[in-house]
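Here are the chains, one letter per residue:
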Amino acid sequence: MISLDVGHVYSRLFDHRAALQGQQRFFVKEFETKRGFRECKRLEHIQGISKSCSSTLSQEPVASLQAQLELYKVKVDDLTKGLNSAMAGRNIDDIEKSCGKDKLNEEWQQFNDDLSEKRRQFDADLDEQMATARKQLEQLRS
């Protein structure tokens with residue numbers, strides 16, 4: 001007897017499926033009766049308009065894009081032929097020399113040397129100043 005009461009109380013407190021299903025049925029019924037499938041008709045109308053627009057408007061841009069692609073293809077082919085003829089008979093070392101790779105390497109090495117010299121000078125100056133500061137500190141302590 002107690003287990004029946006506990007089961008009844010439990011189902012009332014925690015089992016809301018019946019109430020939710022009732023609310024769902026009410027919402028669907030209200031939506032269908034009050035709206036009268038108006039939204040479906042509107043969506044079908046919009047879909048028809050978009051299909052007609054896409055069929056008429058999409059032909060012009062596609063044609064112009066194809067024409068542009070043909071022009072770019074011709075330009076790329078011309079550039080490729082020119083580069084191939086320019087590079088014919090030249091090896092990679094010649095190309096690197098013409099680009100000035102050796103000069104760039106020399107400049108980079110000079111920059112690194114200058115930088116290391118400045119760093120050595122700075123370290124020497126810092127050591128000298130630290131030694132002077134230590135001497136002064138010892139004089140103050142004495």
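Reading the values: rules and limits
Residues numbered from 1 in each chain as written. Predicted model: local features only at pLDDT ≥ 70, side-chain atom pairs only at ≥ 80, totals over all residues. Heavy atoms only, no water. Helix = DSSP H or I, 4+ residues; strand = E, 2+ residues; numbered from the N terminus. Buried < 20%, exposed > 50% of the residue type's maximum accessible area, 1.4 Å probe, protein only. Areas by Shrake-Rupley, 256 points an atom, 1.4 Å probe, with all protein chains shown as cover. Phe/Tyr/Trp six-rings, centres within 6.5 Å; stacked < 30°, edge-to-face > 60°. Salt bridge = Lys/Arg side-chain N within 4 Å of Asp/Glu carboxyl O. Patch = residues over 30% accessible without salt bridge, like charges linked within 9 Å, V, L, I, M, F, W, Y side chains within 5 Å. pLDDT = per-residue confidence, 0-100.

> What is the right way to look at the overall build of the chain in this model?
The helix and strand inventory of the chain stands at six helices and zero strands. In sequence order, the secondary structure elements of the chain are arranged as α-α-α-α-α-α. Taken across its 142 residues, the chain has 1% of its residues classed as buried. Of the accessible surface of the chain, which amounts to about 13,700 Å², a share of 60% is contributed by carbon and sulfur atoms.

> Can you help me understand the packing of aromatic side chains in this one?
Two descriptors summarise a pair of aromatic rings, namely the distance from one centre to the other and the angle between the planes of the rings. On inspection of all chains with the given rule, the structure shows one aromatic pair. Between W108 and F111, the ring centres sit 5.6 Å apart and the planes meet at 35°, which makes this aromatic pair tilted. You can see W108 and its partner F111 sitting in helix α6 (residues 101–141), three residues apart, about one turn around the helix. Judged by relative accessible area, which is 52%, W108 ranks as exposed.

> Would you mind showing me how to read the pattern of salt bridges here?
Once the charged atoms of two side chains with opposite charge are near each other, the side chains can pair. Evaluated as defined, the whole model comprises two salt bridges. Residue R120 is joined to E117 by a salt bridge in which the shortest nitrogen-to-oxygen separation is 2.9 Å. Taken as a pair, R120 and E117 lie in helix α6 at a separation of three residues, close to a single helical turn. Using a relative accessible area of 42% as the deciding quantity, one classes E117 as partly exposed.

> Whenever I open this one, a nonpolar patch on the surface confuses me. Can you help?
Taken together, the side chains of F27, V28 and F31 define a hydrophobic patch exposed on the protein surface, amounting to about 300 Å² of accessible area. Tracing the sequence through the fold places V28 in helix α2 (residues 17–35). Take V28: its relative accessible area is 42%, and that puts it in the partly exposed class.

> Explain the confidence of the model for the chain here, please?
Note that predicted coordinates carrying low pLDDT should not be read in detail. Summing up the model confidence of the chain, the mean pLDDT is 79 and the portion of residues at 70 or higher is 80%. Least confident of the elements in the chain is helix α5 (residues 92–99), whose mean pLDDT is 65; most confident is α6, at 90.

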